[in-house]
Amino acid sequence: MRVDERYDNAPEQFARIGDIRLCHQIFGDESDPTVVLIMGLGLDMLWWRDEFCADLVGRGLRVVRFDNRDVGRSTHLTGPIPTAWQYLRRSAPVTYSLEDMADDTAGLMRAVAPRGAHIVGVSLGSFIAQQTAIRHPDLVQSLVSIMGRPGDRRNGKSSKRYLLSGLRSPKPDPVDEMVAAFERIGSRDRTDADENDVRTIMPRSLARSGGDDTGSGRQIAAIFAETDRTRGLRDLRIPALVIHGDADRVIAPSGGRATAAAMTSAELLTIPGMGHDLARQHWDSVLDGIERTVRRAETTTSA
């Protein structure tokens, strides 16, 4: 399926938040509820695939996707990246924190949806989404946390096999390397369509990257320094949905369960066979969940 040119060639815009410029795209009608999509480690906004965004727009939602700092066409920084020893010890000097990335997100929300928005984060993006809701409750109307954890150091740990795979030498072709990465961490029964997505998106991402490929390392350092968000999640009083796959080896399913347990208004959706990816076979469940959570919030607001 090919989405129309509104998504393929939508204009990229920039919002300045302090010293950071965030590149973003907006789809849909300004009068519809705004959903801000936050992507994971080292991936730019294109990994929120065009068809995924189009489906949300078709459900009556206004969609904003953006590049986190150190990714894509947003501001790239300088600073140390973890050594192999620091990676294994899960501790490294930080250039910025998850809290800083959450403040970036809040700044973008103030620019594109000053009355507030619904936020959806995946993997690292779920950590950022949680922290954004905690730090900026005036802006966040609902929260969808996908493949996340609360940062308590007990739940959602990565498998040793996954951690060791991060030390292997990458394939010479970055596209082949990304295909192989998703084969290692992705959902069971990934299809040719999922591989085609990677082979289509990866060249586009490489073409628009403005950095030296060290940004992922600084984002990893921020993850190593994450703080326990459990208490902050308990204080949230917004509709929330936690989505996790039972085949996730990067962030164990216990992370999703602990995140949902921390929030009084959270729904937990465990998807059989889903790994650490957004494979197309699981889109309907994810998209339905996002829409359901937005509608819960809209109903609460209008009541």
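This structure is a prediction, so every number in the text was calculated from the model and none was measured.

1. Looking at the side chain of aspartate 194
Positionally, aspartate 194 belongs in helix α8 (residues 192–208). Nearest to the buried, unbridged aspartate 194 among oppositely charged side chains is arginine 49, at 4.3 Å. Within polar-contact distance, the side chain of aspartate 194 engages the backbone nitrogen of threonine 191 at 3.0 Å.

2. Quick notes on the sheet that holds strand β3 (residues 34–38)
One open sheet accounts for eight strands, arranged β1-β2-β4-β3-β5-β6-β7-β8; its pairing is mixed. Looking at strand neighbours, the two that pair on one side only are β1 (13–17) and β8 (266–271), the edges of this open sheet. The average undirected angle you get between the axes of adjacent strands in this sheet is 25°. The pairing of strand β6 (residues 140–146) with strand β7 (residues 240–245) spans four bridges and is parallel. Looking across to β7, one finds that serine 145 is bridged to valine 242. Lying on the sheet, helix α2 (residues 50–58) is in contact with β2 (20–27), β3 and β4 (62–66); it crosses β4 at an angle near 155°. Its contacts with the sheet place helix α5 (residues 124–135) against β3, β5 (117–122) and β6, and it is angled at close to 145° to β5.

3. Observations concerning the side chain of aspartate 152
Along the chain, aspartate 152 turns up in the loop between β6 and α6 (160–165). Exposure remark for aspartate 152: the relative accessible area of 8% places this residue in the buried category. Separated by 3.0 Å, the side chain of aspartate 152 and the backbone nitrogen of arginine 154 make a polar contact. Within the structure, the side chain of aspartate 152 is placed 2.7 Å from the side chain of asparagine 155, a separation counted as a polar contact. Residue contacts for aspartate 152: discarding those within four places in its chain leaves Asp228, Thr230 and Ala258.

4. Let's talk about the pattern of salt bridges
Inspection of every chain in the model, using the stated rule, returns 26 salt bridges. Between aspartate 50 and arginine 65 there is a salt bridge, and its shortest N-O distance comes to 3.0 Å. Of the two residues, aspartate 50 sits in helix α2 while arginine 65 sits in strand β4, which places them 15 residues apart along the sequence. The same class applies to aspartate 50 as to arginine 65, namely buried. Between aspartate 288 and arginine 59 there is a salt bridge, and its shortest N-O distance comes to 2.9 Å. You can see aspartate 288 sitting in helix α12 (residues 283–302) and its partner arginine 59 sitting in the loop between α2 and β4, a full 229 residues away along the chain.

5. A word on the packing of helix α7 (residues 174–185) against α8
The N-to-C vectors of α7 and α8 enclose an angle of 135°; their axes lie 9 Å apart at closest approach. As summarised for this structure, α7 and α8 are arranged oblique, according to the angle between their axes. Between α7 and α8 lies a crossing of right-handed hand. Of the residues in α8, those in contact with Pro174, Val175, Asp176, Met178, Val179, Phe182 and Glu183 of α7 are Glu195, Val198, Arg199, Met202, Pro203 and Leu206. Across the contact of α7 with α8, the residue classes break down as nine nonpolar, no polar and four charged.

Cut-off values and rules
Residues numbered from 1 in each chain as written. Predicted model: local features only at pLDDT ≥ 70, side-chain atom pairs only at ≥ 80, totals over all residues. Heavy atoms only, no water. Helix = DSSP H or I, 4+ residues; strand = E, 2+ residues; numbered from the N terminus. Buried < 20%, exposed > 50% of the residue type's maximum accessible area, 1.4 Å probe, protein only. Lys, Arg positive; Asp, Glu negative; His and termini not counted. Salt bridge = Lys/Arg side-chain N within 4 Å of Asp/Glu carboxyl O. Polar contact = N/O pair within 3.5 Å; in protein donor to acceptor, adjacent residues only side chain to side chain. Pairing = 2+ DSSP bridges. Axes fitted to C-alpha atoms, helices over the stretch in contact; angles between N-to-C directions. Contact = heavy atoms within 4.5 Å. Parallel < 35°, antiparallel > 145°, perpendicular 65-115°, else oblique. Left-handed = near helix turned anticlockwise from the far one by under 90°. Nonpolar A, V, L, I, M, F, W, Y, C, P; charged D, E, K, R; others polar.

In short, the description is geometric, and any link to function would need to be established separately.
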